[in-house]
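# Inside the fold
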Amino acid sequence: MVNIVNPIPEALHHYQQELEETLKRISVDFAIADTYAAEGRRGMHGKTAMVRAALSNVRRFRGTAAIQLWPSLGLAEARLWEHGDFVIFHDPIPIRPQFGYGTRFRSWANRGNGKAPTLITHSRKAAAIVESTFPRHEVRVALHPVQGTEFRGTNDLERQGGVLVAGQYKPERDTDLLEQLAPKLAAIDMRGRIVGRGWPEVTGWDVHSAFVSESELDTELSRAQVVLVPYRNYFQSGIAIRALELGTPVALLHNDFAESLLGEETPMIRGDATAGAVIDVISQLLGGPSAHEIIAAYRSRVDESWQQLFGRATHSP
């Protein structure tokens, strides 16, 4: 039995569902821990309250074979949890400012007592950074979890949304690329749409800069013809997996996460991410392997990776 500890239940609502379904498929018993939410509060008092909530979660569930879904306390989580627990590091170098990262936290976290938790990443690229940060910890790659086989998307005839960029704005979003891409999309009679909080105006794109609910996000992803993930640098993308779950193809910059998700046959943006290269990939995706085939193959790889994780954990001394 493992305890799923989700300190940011609003932000990771869908991710938790994906993990639950993955664990069910591989017959791992789990319980959902009753956690204190460490998200959504502003100002100094709010930040202090979130740190207290995060510490309370650690105290309550440390040593219970817990899977901590997000390191609310940054690098410090690698020392606070114990052997037999798991901490998932989605972005070992945060792509936006996050509490608990920096030299002092790294130094303190490495002065552990030998009862370190297992650290999980969803890509080899992320694992290499975590291994260099914590050379005395066990670091394992378990692929980003995915939902089951039930199709929740729309019919291809209903996909009128053009190319969609979804999710909150972050500095790693390549807005220059998007502006260069806009006239090329117009030339092939496709429109570009952006949905998510914090986005600036992007020339040639329909920008909806606002909070998007879970149901609204699913609707946007379902209606798009292609979802584009325009990061300059990234470790993994939950939006890409969610789009494929809904039957929508995804244009990704090539890295080992993209390879594990899309397989070798699916077109990816390789080399320099130019507007021309992106248009070529979008055109190939519209006539390439179906999203259903891609996500089914990925689901098998996901299940195998989590089986290996728990198989090894079960027999650890």
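Residues numbered from 1 in each chain as written. Predicted model: local features only at pLDDT ≥ 70, side-chain atom pairs only at ≥ 80, totals over all residues. Heavy atoms only, no water.

## Remarks on the overall build of the protein chain
Stated formally: Going along the chain from the N terminus, every DSSP run of H or I of four or more residues is numbered as a helix, and every run of E of two or more is numbered as a strand. Here the globule rule reads 2.2 Å times residues to the power 0.38, and the radius of gyration is calculated from C-alpha atoms. Relative accessibility thresholds used throughout: buried, under 20% of the residue-type maximum; exposed, over 50%; partly exposed, between the two (1.4 Å probe, protein chains only). Throughout, a residue-residue contact means that at least one pair of heavy atoms, one from each residue, lies within 4.5 Å. What sets the accessible areas is the Shrake-Rupley method with a 1.4 Å probe; for residues, cover comes only from the shown protein chains.
Summing up its helical and strand segments, the protein chain has 11 helices and 11 strands in all. For 317 residues, the compact-globule estimate of 2.2 N^0.38 gives 20 Å, and the protein chain sits close to it at 20 Å. Based on the C-alpha atoms only, the size of the protein chain along its principal axes is roughly 60 × 45 × 35 Å. The burial tally for the protein chain puts 53% of its 317 residues in the buried class. If you take every contact in the protein chain between residues at least 6 apart in sequence, the share linking residues at least 24 apart comes to 66%. As displayed, the protein chain has an accessible area near 14900 Å², and 49% of this comes from carbon and sulfur atoms.

## Remarks on the sheet that holds strand β3 (residues 66–68)
Spelled out, the test is: Strands qualify as paired when DSSP identifies two bridges or more between them. Every axis corresponds to a line fitted to the C-alpha atoms, with the helix fit spanning only the stretch in contact, and the corresponding angles, defined between N-to-C directions, vary from 0 to 180 degrees.
The strand order across the open sheet built from 6 strands is β2-β1-β3-β4-β5-β6, with neighbouring strands paired in parallel fashion. In the strand order of this sheet, the two ends are held by β2 (30–32) and β6 (139–141), each with one partner. Each strand of the sheet is rotated relative to its neighbour by a mean of 25 degrees, with strand direction disregarded. In this structure, β3 lies alongside strand β4 (residues 86–88), joined through 2 bridges in parallel fashion. Bridging across to β4, Gln-68 finds its partner in Val-87.

## Overview of empty space enclosed by the protein
Our working rule: We place a 1 Å grid over just the protein atoms. Points where a 1.4 Å probe fits but has no way out form a cavity, open points with protein on both sides within 12 Å along at least 5 of 7 lines form a pocket, and any residue with an atom within 4 Å of a point lines it. Grid points are joined across faces, edges and corners, and a volume is the space filled by probe spheres set on the points. The residue classification treats Ala, Val, Leu, Ile, Met, Phe, Trp, Tyr, Cys and Pro as nonpolar and Asp, Glu, Lys and Arg as charged. All others, Gly included, are polar.
The final tally for this structure, using the stated rule, is 1 cavity of 30 Å³ or more. Estimated volume of the largest cavity: approximately 40 Å³. What lines the largest cavity is Leu-177, Leu-228, Val-229, Pro-230, Tyr-231, Leu-253, Ile-269 and Ala-273. Considering only residue class, the lining of the largest cavity consists of 8 nonpolar, no polar and no charged.

## With respect to the nonpolar core
Note on soluble globular proteins: their nonpolar side chains tend to be buried together. This is how the line gets drawn: What is meant by a nonpolar core is a set of buried Ala, Val, Leu, Ile, Met, Phe, Trp, Tyr and Cys residues, joined one to another through side-chain atoms within 4.5 Å.
With 75 residues, the main nonpolar core has Leu-23, Trp-205, Leu-228, Leu-252, Leu-261, Trp-306 and Phe-310 as its most contacted residues. Considering every element that reaches this core, the biggest residue donor is helix α11 (residues 291–314), with 8 residues. Contacts of Trp-306, omitting those with residues within four sequence positions, involve Leu-19, Thr-22, Leu-23, Ile-26, Ile-88, Ile-120, His-122, Ala-142, Leu-143 and Pro-145. Of all hydrophobic cores here, the second largest spans 23 residues; its members include Ala-38, Ala-66, Phe-89 and Phe-134.

## Side note on the pairing of strand β8 (residues 192–195)
Just so we agree on the cut-off: Seen with the strands pointing away from the viewer, any crossover whose path from the first strand over the helix to the second strand runs clockwise is right-handed.
Burial along β8 is two-sided: Gly-192 and Ile-194 and Arg-193 and Val-195, pointing in opposite directions, are all buried. Both strand β7 (residues 163–166) and β8 contribute to a ladder of 4 bridges, which runs parallel. When the bridges of β8 are listed, Leu-164 appears paired with Arg-193. With helix α6 (residues 175–187) bridging β7 and the parallel β8, this β-α-β connection has right-handed handedness. Examined bridge by bridge, β8 and strand β9 (residues 206–208) share 3 bridges and lie parallel to one another. Bridged to Ile-194 within β9 is Val-207.

## A word on helix α2 (residues 43–61)
Note the cut-off: Helix span is expected to be 1.5 Å times the residue number reduced by one. This arc is built from the directions going out from the helix axis to the C-beta atoms.
The terminal C-alpha atoms of α2, which comprises 19 residues, lie 27 Å apart, in line with the 27 Å expected from a rise of 1.5 Å per residue. Residues of α2 that are buried: Gly-46, Met-50, Ala-53, Ala-54, Asn-57, Val-58 and Phe-61. Along the axis of α2, the buried positions cluster into a sector of 135 degrees, meaning they face one direction only. Of the exposed residues in α2, those oriented more than 90 degrees away from the buried face are Met-44, His-45, Arg-52 and Arg-59. Lining the buried residues of α2 we find β1 (2–5), β3 and α3 (77–80). The first or second residue beyond α2 is Gly-63, which carries a positive phi of 80 degrees.

Keep in mind these values describe shape, not function.
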